[in-house]
Amino acid sequence: MAEFELKKYDEVPIGGVVTGGATPELNETGDWRSNRPIFDEDKCIQCLLCWSHCPDASFYIEDEEVQGIDYDHCKGCGICAEICPVDAITMVPEGEDSEDE
Amino acid sequence: MSNGNRQVLTGHQVVANAMRQVDPDVVAAYPITPQSEIVEYFSKFVADGKVDSEVITVESEHSAMSACVGSSAAGARTMTATASQGLALMLEIVYIAASMRAPIVMTVANRALSGPINIHCDHSDSMAARDSGVIQIYGEDAQEAYDFTLMAQRLAENEDVLLPVMVTLDGFTLTHTAQVAELLPDDTVTDFVGEYEPLYPLLDVDNPTTQGPFDMPDYYFEHKLQQVEAMNNVPEKFLEVQEEFSDLSDREYSGLFESYRLDDADYAIVLLGSTAGTAKVVVDELRDKGKKVGLLKPWMFRPFPAEEMKEALKEKEAVAVFDRSLSFGSSGPLYLEVSSALSHEDNKPRLYNYTYGLGGRDIAEGHIAEVFEDLENPDLESKMHYINART
Ligand code: SF4
Ligand code: SF4
């Protein structure tokens, strides 16, 4: 977790607006996941359905191919495992399989 | 001076014309009696090409205000209108509009909240929204509803305010009756409301922002303090806008409330909305008989002008505060405000609470005259009094 200095009410933008964009990069929000998606590169056919369905944009993509999963932001919702047409993603209880960490 | 024209119009038509002249980018609304015709007339203006707004027809008021919040966050000038159950359904998102500092201007055609189901006027709908963070202005007639709708635009979008504004007019009494109202020329309104320059338009992709995010306990309180400060800035800004507006219309607005023959009065009634018209007739009649009576009609209920009202009322002998809504198990909301405003005065007036007009119950001159008579009695009971109800 990045450390932020707590500011006074008149030192932050009004209305809770966060300026600057790309704010998720500053906040690791994956720490309450109870199930972890495990990506099997050998089974993957690179259809990118997981990437387009992930509500947390947690797939690392390079050259239009899935490289792995961003566990700093993945919430463990399981949508990617559901959507994958070739079962290249399996959900395992958090802590039981820590490879890829 | 105004070059406007006096016309016979219903409250609906007057507000729809104010909206047409404001020319908002977006209006999202859902029909509900007695508001529906406002957006109907406005939609006709859009269909006839008289105004360039996007009207979003949604499936509920919850969606209407949600669409308004999205539109306002995008940077669009946004308006809506509702009443009663519609406002109740919308209320969750009204809080969010206020917290996201969305300067949405909304009309509320006051109508009783169910149940029992009733379509007629009282103030229970807007009073339910009084803690939402919306600015509330109550109009006495169609003219005031028109004038305040235009002023609301400037107030909402003032950089020291940036809050939603609710302008109310009594359902049926004002919405469905034809009244003489003077509309300003279109270009005068265009100049008066000016261009809206949003502070953080979401569609400004060169300056990306996150809007409406989650707050942990470490920032929620501070964001609420920002709303407190914005609300505190409202009275001064409202007076500035009133001054400017008075210069271009034939109407004089200079205050957070209207004082009618109040200065030297010993006995005063405080009430909101259209009943002020009836009360003024009674005040005039009693004045002709030598009675020192007067009326205080708040325009602004949120923020509540406590300090100014204390000054206006503290020397009075007795004051009756009329509420057109109930707060079950307590006094009426207007009474509580007036009572709180006077609470630190040593020789404060005797203060009484009257509930009237629930669900459209009539209130006539005689009822108001009786209250002034009541006030002369130093032994008048300080329980809740109910006007024209079969107690
Ligand atoms: S489990 Fe959910 S959040 Fe995590 S990568 Fe899959 S789709 Fe994204
Ligand atoms: S959905 Fe499955 S097959 Fe398609 S890219 Fe994702 S992991 Fe690979």
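Residues numbered from 1 in each chain as written. Chains lettered and ligands numbered in written order. Predicted model: local features only at pLDDT ≥ 70, side-chain atom pairs only at ≥ 80, totals over all residues. Heavy atoms only, no water.

### Points about the confidence of the model for chain A
Defined as follows: pLDDT is defined as a per-residue confidence score from the predictor, taking values between 0 and 100. Helix and strand definitions follow DSSP, with helices as H or I runs of at least four residues and strands as E runs of at least two, each counted in order from the N terminus.
For chain A, per-residue confidence averages 90 on the pLDDT scale, and residues scoring 70 or more make up 92% of the total. Of all the helices and strands in chain A, strand β1 (residues 18-19) of chain A carries the lowest mean pLDDT, 91, while helix α2 (residues 79-83) of chain A carries the highest, 98.

### Thoughts on the side chain of D323 of chain B
Residue and element names in this part refer to chain B. This is how it is decided: We call a residue buried when its accessible area falls under 20% of the maximum for its residue type, exposed when it is over 50%, and partly exposed in between, using a 1.4 Å probe and counting protein chains only. Charged-residue counts in this description rest on Lys and Arg as positive and Asp and Glu as negative, His and the chain ends being excluded. Whenever a carboxyl oxygen of Asp or Glu lies within 4 Å of a side-chain nitrogen of Lys or Arg, that contact is scored as a salt bridge. Contacts described as polar in this section are N or O atom pairs within 3.5 Å, which, within protein, must combine one atom able to donate a hydrogen with one able to accept it, while residues neighboring in sequence count only if both atoms come from side chains.
The topology assignment puts D323 in strand β14 (residues 318-323). R130 provides the closest opposite charge to the buried, salt-bridge-free D323, at an N-O distance of 8.1 Å. Engagement of the side chain of D323 in a polar contact is seen with the side chain of N353, the distance being 3.1 Å.

### Side note on the site of ligand 1
Short version of the rule: We call a residue near a molecule or strand when any one of its heavy atoms sits within 4 Å of it. Polar here means any residue outside two lists: the nonpolar Ala, Val, Leu, Ile, Met, Phe, Trp, Tyr, Cys and Pro, and the charged Asp, Glu, Lys and Arg; Gly therefore counts as polar.
Taken together, P37, C54, P55, F59, C74, K75, G76, C77, G78 and C80 of chain A make up the full set of residues near ligand 1. A per-class count over the shell around ligand 1 returns seven nonpolar, two polar and one charged.

### Regarding the interface of chain A and chain B
Basically, it comes down to this: Residues count as neighbours in contact if any of their non-hydrogen atoms are within 4.5 Å of one another. Strand pairing is assigned whenever DSSP identifies at least 2 bridges connecting the two strands.
Chain A puts 16 residues into the contact, and the matching count from chain B is 18 residues. The interface formed by chain A and chain B includes zero salt bridges. Applying the counting rule to chain A against chain B returns eight residue pairs in polar contact (both at pLDDT 80 or more). Among the residues making up the side of chain A that touches chain B, the classes are represented as seven nonpolar, six polar and three charged. Bridge analysis of β1 of chain A against strand β9 (residues 209-210) of chain B gives two bridges, and the strand direction is antiparallel.

### Some words on the sheet that holds strand β11 (residues 267-270) of chain B
Residues and elements named next belong to chain B. Which entries qualify depends on this criterion: Comment: axis = line fitted to C-alpha atoms, over the contacting stretch for helices; angle = value between 0 and 180 degrees taken between N-to-C directions.
Judged by pairing direction, the sheet is mixed, and its six strands sit side by side in the order β10-β12-β11-β14-β15-β16 without closing on themselves. Only two strands of the sheet have a single partner each, and these edge strands are β10 (257-260) and β16 (385-386). As defined by bridge partners, β10 adjoins strand β12 (residues 293-298) across four bridges and the pair is classed as antiparallel. In the sheet register, S259 faces β12, and the bridge partner there is L296. Sitting on the sheet, helix α10 (residues 306-313) is in contact with β10, β11, β12 and β14, with an inclination near 175° to β12.

### Notes on the packing of helix α3 (residues 61-74) of chain B against helix α4 (residues 84-99) of chain B
All names here are of chain B. For clarity, the threshold we go by: To sort the angles, those under 35 degrees are grouped as roughly parallel, those over 145 as roughly antiparallel, those from 65 to 115 as roughly perpendicular, and the leftovers as oblique. Put simply, a crossing is left-handed when the front helix is turned counterclockwise from the back one by less than a right angle, and right-handed when it is turned clockwise.
Interhelical geometry of α3 versus α4 gives an angle of 25° and a closest axis separation of 7 Å. Between α3 and α4, the interaxial angle falls into the category roughly parallel. Read as a crossing pair, α3 and α4 show a hand that is right-handed. In contact with E61, H62, A64, M65, S66 and V69 of α3, α4 contributes G86, L89, M90, E92, I93, V94 and A97. Residue classes in the contact of α3 with α4 are distributed as eight nonpolar, three polar and two charged.

### Remarks on a nonpolar patch on the surface
The condition that has to hold: By definition, no residue in a patch forms a salt bridge, and every one has over 30% relative accessible area; like charges are joined within 9 Å, nonpolar side chains (Val, Leu, Ile, Met, Phe, Trp, Tyr) within 5 Å. Surface accessibility in these figures is a Shrake-Rupley result with a 1.4 Å probe; residues are shielded only by whichever protein chains are displayed.
There is a patch of nonpolar side chains on the surface, built from L326, F328, L358 and Y386 of chain B and spanning about 430 Å² of accessible area. Take F328 of chain B: its relative accessible area is 76%, and that puts it in the exposed class.

### Considerations on the site of ligand 2
Inspection of the region around ligand 2 gives 14 residues, with C44, C47, L48, C50 and C84 of chain A positioned closest. Grouping the constituent residues of the shell around ligand 2 by class yields 13 nonpolar, one polar and no charged.

### Points about the domain arrangement of chain B
All names here are of chain B. Operational definition: Either an automatic procedure or a domain database provided the assignment from which the domain bounds are taken. The buried area of a pairing is the accessible area, by a 1.4 Å probe, that goes missing from both parts when the two are put together, added over both.
The domain boundaries assigned to chain B delineate domain 1 (5-249) and domain 2 (257-386). Of note, the centres of domain 1 and domain 2, computed from C-alpha atoms alone, are 28 Å apart. On the domain 2 side, the residues contacting the 28 residues of domain 1 number 23 residues. When domain 1 packs against domain 2, the two sides together hide about 2,000 Å² of surface, and 59% of this comes from carbon and sulfur. A per-residue breakdown of the area domain 1 buries against domain 2 is headed by R130, Y138 and E140, which together make up 29% of the total.

### Quick word on the sheet that holds strand β7 (residues 165-170) of chain B
Residue and element names in this part refer to chain B. Strand order across the open sheet formed by seven strands is β3-β2-β4-β5-β7-β6-β13, with mixed pairing between neighbours. Strands with a single pairing partner mark the edges of an open sheet, and in this sheet they are β3 (54-57) and β13 (300-302). Strand-to-strand twist of the sheet, defined as the mean angle between neighbouring strand axes without regard to direction, takes the value 20°. With two bridges connecting them, strand β6 (residues 135-138) and β13 associate as antiparallel partners. Each residue of the ladder has a partner; that of I137, found in β13, is M300.

### Remarks on unusual backbone geometry
Residues and elements named next belong to chain B. With an omega of 0°, the peptide bond running from T33 to P34 counts as cis. Structurally, P34 can be placed in the loop between β2 (26-29) and α2 (36-47). Omega for the bond connecting R302 with P303 falls within 30 degrees of zero, at -5°, which places this linkage in the cis form. Here P303 lies in the loop between β13 and α10.

### Considering the environment of L248 of chain B
All names here are of chain B. The topology assignment puts L248 in helix α8 (residues 220-248). Taking relative accessible area as the criterion, L248 reaches 22% and is therefore assigned partly exposed. A sequence separation of 59 residues divides L248 from V189, and the C-alpha atoms of the two residues are 9.3 Å apart.

### Comments concerning the environment of V283 of chain B
All names here are of chain B. Take V283: it is sitting in helix α9 (residues 275-288). Classification of V283 by relative accessible area gives buried; the value is 0%. Residues V283 and F192, 91 residues apart in the sequence, show an inter-C-alpha distance of 35 Å.

### Quick look at α8 of chain B
Residues three or four positions apart in an α-helix share a direction because the helix packs 3.6 residues into each turn. Going by this rule: Under the convention used throughout, the expected extent of a helix is 1.5 Å for every residue step, that is, one less than its residue count. Given a residue, its bend is the angle between the two axes fitted to the seven residues that end at it and to the seven that start from it.
Taking 1.5 Å per residue, 29 residues should reach 42 Å; α8 of chain B reaches 41 Å between its end C-alpha atoms and fits that length. Within α8 of chain B, the axis deviates most sharply at V234 of chain B, by approximately 35°, and proline P235 of chain B lies no more than four positions further along.

### Topic: the pattern of salt bridges
Residues and elements named next belong to chain B. Counted according to the given criterion, the structure contains 26 salt bridges over all chains. Of the charged contacts, one joins R77 and E157 as a salt bridge, the two residues approaching to 2.8 Å between their closest N and O atoms. One end of the pair, R77, is in the loop between α3 and β4 (78-82); the other, E157, is in helix α6 (residues 142-157), and 80 residues separate them in sequence. Each of the two residues, R77 as well as E157, counts as buried. With a closest N to O distance of 2.9 Å, R287 and D264 form a salt bridge. In this pair, R287 is assigned in helix α9 and D264 in the loop between β10 and β11, connecting sequence segments 23 residues apart. The exposure class assigned to R287 is buried, which follows from its relative accessible area of 15%. Residue classification places D264 among the partly exposed positions, given a relative accessible area of 42%. One network of salt bridges, in which partners are shared, links E140, E144, E258, K280 and K297.

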